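Geometric and topological summary
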Amino acid sequence: ISSCRELREPAFTERTLTERFKWKGTLPSCLPAVLQVMEREGSIRKLSEFEAAQSGDWLRWGLGVVARPLSWAWQSYFSARKYDGVYVITSLVKELADAVITEQLKGVQYKSTDRVMKYSEFQQLCQRIAPPESVSVLECYMQSQRLVVKERTKSGLEVVKFASIEEKMVHSVSTVDIGIVCIKETVKSLSEQVASLQQERERLMENVKEKLRLKNKQAALYCLKRVKRAEANLSRREGALDNVQTLLTQIQTAETDAMVLKALKGGTQALKFLRESEGLTLDNVESVMEELQEVVQEGEEVTNIISGNVFPGEEGEETEAELEKELALLVESQGDRYD
């Protein structure tokens, strides 16, 4: 299993495994028995059984494995028959499938357009994770777990759709999904045509310059006409490409707008709940502010009372007239210093 994990090969044959573990020209004689023990334990499975199980009967297979007698492994050890079937490491299939999902999510910016692709693109994605011969095994597992779903249109177009992070499982390819794949393919085709026409125009312009350099006016005129036709075709293709790209952008923008609207709606409900639960209503706020104003005014009155003259006419206290008289004497004694 470690060897297959290192090579990212979820499927193998007894023959290839025998060659892999050959030591100094000697083949491992006990390998068939080891494989049977691993099959008994459920670590590996025959490809035919694996494919049948992915059709929807994992539970029955699991119960069948448990129901086998323990002596089965030992009996098979002594009567190890040699067969060169294809085996699948179920745990490694799951690991590689998860890696494919992770790789696919890296390119997802818009769920509405980036979760669907052509089957050939899906194969290329899987081949970045596992060898080409293992793609069918990964596809079988991912479809059985509803991580992806594949559908073939009447026109022969094969479309693959991935499950979203929120849904975890995908159920079907819709007409909208097929339309989006067609739009993306149209964008790709028109982009290639535009690039080709641009190269043709440049090449024809070089021909015009070359004919003029050779003073071949007639040939230069003919090449110039071809340049004009190429430019006309280029203009039409660029216009079509712009229209299709605009349509794709509008689909993606609609998804973003829907997300924003959903976020605003959720935020509004949360704010409303918070205000109601915390008593942040208009009546409560006005009541609290009025109460606060009354408390502040009462505090000012208390302060004024406390700071006032509590003992008026106390013995020894000088009157204001006497203070004025003393101040005048001080001014007079200072003379010009206050002039």
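The following paragraphs examine the structure supplied in this document.

Looking now at the sheet that holds strand 3 (residues 86-89). In space, the three strands of this open sheet follow the order 1-3-2, with antiparallel pairing throughout. The outermost strands of the open sheet, each flanked by one partner alone, are strand 1 (11-13) and strand 2 (44-46). Along the sheet, successive strands turn relative to each other by an average axial angle of 35°, direction set aside. By the bridge criterion, three bridges tie strand 1 to strand 3 in an arrangement that is antiparallel. Considered in strand 3, the bridge of alanine 11 is made with valine 88. The strands touched by helix 3 (residues 31-41) are strand 1, strand 2 and strand 3; relative to strand 2, the strand with the most contacts, the crossing angle is about 100°. Packing against the sheet, helix 7 (residues 90-106) makes contact with strand 2 and strand 3, and its axis sits at approximately 60° to strand 3.

Together, Val285, Met289, Leu292 and Val296 make up an exposed nonpolar region whose accessible area comes to about 340 Å². Inspection of the secondary structure assignment puts valine 285 in helix 13 (residues 282-307). Judged by relative accessible area, valine 285 falls into the partly exposed class, the value being 41%.

In contact at an axis separation of 10 Å, helix 9 (residues 119-127) and helix 10 (residues 135-144) are set at 110° when each is read in the N-to-C sense. For the element pair helix 9 / helix 10, the angle class is roughly perpendicular. Mapping the contact onto sequence places Tyr119, Phe122, Gln123, Cys126 and Gln127 in helix 9 and Val135, Leu138, Glu139 and Met142 in helix 10. Across the contact of helix 9 with helix 10, the residue classes break down as six nonpolar, two polar and one charged.

Between helix 7 and helix 10, the least distance of the axes is 10 Å, while the angle of their chain directions is 80°. As the angle between them shows, helix 7 and helix 10 are arranged roughly perpendicular. Residues Val93, Lys94, Leu96, Ala97, Val100 and Ile101 of helix 7 form the contact with helix 10, whose own contacting residues are Val137, Leu138, Tyr141 and Met142. Considering only residue class, the contact of helix 7 with helix 10 consists of nine nonpolar, no polar and one charged.

A side chain of one charge can pair with a side chain of the opposite charge when the charged atoms of the two come close. If you walk through the whole model with that rule in mind, you get twelve salt bridges. The salt bridge partner of glutamate 103 is lysine 106, with a shortest N-O separation of 3.4 Å. Linking glutamate 103 with lysine 106, this pair stays in helix 7, spanning three residues, or about one helical turn. For glutamate 103, a relative accessible area of 24% gives the class partly exposed.

Parameters and conventions
- One numbering rule holds for all chains: residues counted from 1, following each sequence as written.
- A pLDDT threshold of at least 70 governs which residues receive local features in this predicted model, and a stricter bar of 80 or more applies before side-chain atom pairs are shown or counted, although totals over entire chains, interfaces and linings include all residues.
- Neither water nor hydrogens contribute to the side-chain values; these are computed over all heavy atoms in the structure.
- At least two bridges found by DSSP between two strands is the condition for calling them paired.
- Counting from the N terminus, the helices are the DSSP runs of H or I reaching at least four residues and the strands are the DSSP runs of E reaching at least two.
- A fitted line through C-alpha atoms serves as each axis, taken over the contacting stretch for helices, and the angle formed by two N-to-C directions is quoted from 0 to 180°.
- Contacts are assigned to residue pairs that have any heavy atoms within 4.5 Å of one another.
- Surface patches are drawn from residues lacking salt bridges whose relative accessible area is over 30%; two like charges belong together within 9 Å, two nonpolar side chains (Val, Leu, Ile, Met, Phe, Trp, Tyr) within 5 Å.
- Computed by Shrake-Rupley with a 1.4 Å probe, the accessible areas treat only the displayed protein chains as cover when residues are assessed.
- Salt bridges are defined by distance alone: a side-chain nitrogen of Lys or Arg within 4 Å of a carboxyl oxygen of Asp or Glu.
- The rule is simple: take the accessible area with a 1.4 Å probe, protein chains only, and divide by the maximum for that residue type; under 20% is buried, over 50% is exposed, in between is partly exposed.
- By definition in this entry, angles of less than 35 degrees are roughly parallel, angles greater than 145 are roughly antiparallel, angles of 65 to 115 are roughly perpendicular, and the rest are oblique.
- Note on residue classes: Ala, Val, Leu, Ile, Met, Phe, Trp, Tyr, Cys and Pro are nonpolar, Asp, Glu, Lys and Arg are charged, and everything else, Gly too, is polar.

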